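# Observations on the three-dimensional arrangement
The primary structure of each chain is shown beneath.
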Amino acid sequence: MQDVPQDDTIICRCSDITRAELHAWIDRGMDSIDELKRMTRVCMGPCQGRTCRQLIMQELANKTGQPIESFTMPTFRQPLKGITLGAVAAFPLDSEEEAEEERP
């Protein structure tokens, strides 16, 4: 028998959103992952939803009575994977590239 998640179960670790908080937003009419993202920041942390997206879809399906397949996958923002600040700092800016091209 599978354990039923409790209300204090963390659904989104990056944003520290519990099952009870998620259900409260669904009860207020937020019935898509994108709406829940806007209101709670789920799927917007460092994991970009790789950890919580499926859990959220399951909770939405259970709460609304709709099949999981009916939910649209959320939109993703770059970067999809974590990068270091050093990699960002090393990336040349447009003005630096132009200055290098102008050098003899």
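Moving on to the overall build of the protein. Scanning the protein from N- to C-terminus turns up five helices and two strands. Buried residues in the protein amount to 27% of all 104 residues. Sequence-distant contacts in the protein: of pairs separated by 6 or more residues, those separated by 24 or more amount to 48%. As presented, the protein carries roughly 7,700 Å² of accessible surface, and 52% of it is formed by carbon and sulfur atoms.

Another aspect to go through is the packing of helix H1 (residues 19-27) against helix H3 (residues 53-64). For the pair H1 and H3, interaxial distance at closest approach is 11 Å and the crossing angle is 50 degrees. By the angle class used here, H1 and H3 are oblique. For H1 against H3, the interelement crossing comes out right-handed. Counted together, Arg19, Leu22, His23, Ile26 and Asp27 of H1 and Ile56, Glu59, Leu60, Lys63 and Thr64 of H3 form the full contact between these two elements.

Among all positions of H1, only Arg19, Leu22, His23 and Ile26 are buried. Summarising the axial view, the buried residues of H1 lie within an arc of 100 degrees, below the 170-degree limit, and thus occupy one face. Those residues of H1 that are buried are in contact with strand S1 (10-12), strand S2 (17-18), helix H2 (33-40) and H3. One or two residues past the end of H1 sits glycine 29, with phi positive at roughly 110 degrees.

Taken as a whole and assessed by the stated rule, the structure comprises three salt bridges. Measuring nitrogen to oxygen at the nearest pair gives 3.5 Å for the salt bridge that ties arginine 19 to aspartate 7. A residue pair is termed long-range when its members are at least 10 positions apart, and arginine 19 in helix H1 and aspartate 7 in the segment before S1 qualify at twelve residues. Overall, the relative accessible area of 46% leaves aspartate 7 in the partly exposed class. For lysine 63, the salt bridge identified is with aspartate 27, shortest N-O distance 3.0 Å. Here aspartate 27 lies in helix H1 and lysine 63 lies in helix H3, a separation of 36 residues in the sequence. By sharing partners, the salt bridges in this structure join Asp7, Arg19 and Glu59 into a single network.

Among all positions of H2, only Ile33, Leu36, Lys37 and Thr40 are buried. In an axial view of H2, the angular spread of the buried residues amounts to 105 degrees, which keeps them on one side of the axis. Looking at the buried positions of H2, the neighbouring elements they touch are S2, H1 and H3. The first or second residue beyond H2 is arginine 41, which carries a positive phi of 75 degrees.

Conventions and cut-offs
- Residues numbered from 1 in each chain as written.
- Predicted model: local features only at pLDDT ≥ 70, side-chain atom pairs only at ≥ 80, totals over all residues.
- Heavy atoms only, no water.
- Helix = DSSP H or I, 4+ residues; strand = E, 2+ residues; numbered from the N terminus.
- Buried < 20%, exposed > 50% of the residue type's maximum accessible area, 1.4 Å probe, protein only.
- Contact = heavy atoms within 4.5 Å.
- Areas by Shrake-Rupley, 256 points an atom, 1.4 Å probe, with all protein chains shown as cover.
- Axes fitted to C-alpha atoms, helices over the stretch in contact; angles between N-to-C directions.
- Parallel < 35°, antiparallel > 145°, perpendicular 65-115°, else oblique.
- Left-handed = near helix turned anticlockwise from the far one by under 90°.
- Arc of directions from axis to C-beta.
- Salt bridge = Lys/Arg side-chain N within 4 Å of Asp/Glu carboxyl O.

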